[in-house]
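Structural features, examined
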Amino acid sequence: MVAAIELYLDVDTTRRVRNLWRALDAEGIPSLGSLHQKHRPHLSLAAAHRIDPHAVAEALSGFQVARPIPLSIDFVGQFVGRVLWLGVTVTEDLLSHHRAVHDRLSAAGVEIWDHYRPGRWVPHCTISLRVPNPVMAPAVRRCLEYLPLQATITGAAVADHANDISHPL
């Protein structure tokens, strides 16, 4: 199980990423969209096995988590385990926002995975969690057809889809 603090993308970018998910699914490449129909295109600011949404809401009280930060999504990446994603170009604004969120979470004792902490975080929009090796190259090519994307953050929530949690922030 995975819980995350998710930043949601504007309507046009969300539509385009969902179209990419559908195109991959149509080619037999599993996407995040077909995993269990609960996901929406997003960037995860923090993740862990479990995150208490009420503790996060309290830690971030008075802080604009979903402020409209512009994003450039213009490359494709892969994590170990066949996770395919669209990469977000790092900006000082995005990194300082990420650090401010983590400073508040840390001060409140909210535990998150190390690879989401400042200095280690790779901002990305997940496309698939388990691309079969024989179709990774075609999946990457399909992703590249949808880039570049110019996006804006428009919402945020603590999400734990396995436990039907979606707590807006």
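Here, every reference points to the structure presented above.
Residue indices begin from 1 for each chain and proceed along its sequence in written order. In view of the model being predicted, local features appear only for residues whose pLDDT reaches at least 70, and side-chain atom pairs are presented and counted only at 80 or more, with totals across whole chains, interfaces and linings using the full set of residues. Computation of side-chain values covers all heavy atoms of the structure but excludes hydrogens and water.

Let's talk about the overall build of the chain
- For the chain, the count of helices and strands is five helices and seven strands.
- Numbering of helices and strands starts at the N terminus; helices are DSSP runs of H or I of at least 4 residues and strands are runs of E of at least 2. Start at the N end of the chain and walk to the C end: the helices and strands fall as β-α-α-β-α-β-β-α-β-α-β-β.
- With respect to the principal axes defined by its C-alpha atoms, the chain has extents near 45 × 30 × 25 Å.
- Throughout, exposure labels follow a simple rule: accessible area from a 1.4 Å probe, protein chains only, divided by the maximum for the residue type, with under 20% read as buried, over 50% as exposed, and the rest as partly exposed. Burial status across the chain gives 45% buried among its 169 residues.
- Should any heavy atoms of two residues lie within 4.5 Å, those residues are counted as being in contact. Taking the intrachain contacts of the chain between residues at least 6 apart in sequence as the baseline, contacts between residues at least 24 apart amount to 79%.

Things to note about the nonpolar core
- Residues belong to one nonpolar core when they are buried, are Ala, Val, Leu, Ile, Met, Phe, Trp, Tyr or Cys, and are joined through side-chain atoms within 4.5 Å. In this structure, Val56, Leu71, Ile73, Leu86, Leu105 and Ile127 are the most contacted members of the largest nonpolar core, which totals 47 residues.
- Other than its neighbours up to four places away in sequence, isoleucine 127 contacts Val17, Leu20, Trp21, Leu24, Ser31, Leu32, Leu84, Trp85, Leu86 and Cys143.

Overview of unusual backbone geometry
- A cis amide bond links leucine 147 with the next residue in sequence, proline 148, at an omega value of 0°.
- Relative to the helices and strands, proline 148 is located in the loop between helix H5 (136-145) and strand E6 (149-160).
- Despite not being glycine, arginine 82 shows a phi value in the positive range, around 70°.
- In this fold, arginine 82 is placed in the loop between strand E3 (70-79) and strand E4 (83-88).
- Judged by its relative accessible area of 31%, arginine 82 falls in the partly exposed class.
- Phi is positive for aspartate 164, close to 55°, though the residue is something other than glycine.
- Within the fold, aspartate 164 resides in the loop between E6 and strand E7 (165-168).
- With a relative accessible area of 60%, aspartate 164 lands in the exposed category.

Remarks on the packing of helix H1 (residues 11-26) against H5
- As a packed pair, H1 and H5 sit with axes 10 Å apart at the nearest point and diverge in direction by 150°. By the angle class used here, H1 and H5 are roughly antiparallel. Both H1 and H5 take part in a crossing whose hand is right-handed. Residues Leu20, Ala23 and Leu24 of H1 pack against Ala139, Arg142 and Cys143 of H5.
- Amino acids outside the nonpolar list (Ala, Val, Leu, Ile, Met, Phe, Trp, Tyr, Cys, Pro) and the charged list (Asp, Glu, Lys, Arg) are all regarded as polar, and Gly is one of them. Of the residues contributing to the contact of H1 with H5, the split by class is five nonpolar, no polar and one charged. For helices, the fitted axis covers only the stretch in contact; all axes are lines through C-alpha atoms, and the angles between them, taken along N-to-C directions, range from 0 to 180 degrees. Put simply, angles under 35 degrees are roughly parallel, angles over 145 are roughly antiparallel, angles from 65 to 115 are roughly perpendicular, and the rest are oblique. Two helices that cross are described as forming a left-handed crossing if the nearer one is turned anticlockwise from the farther one by less than a right angle, and a right-handed crossing if clockwise.

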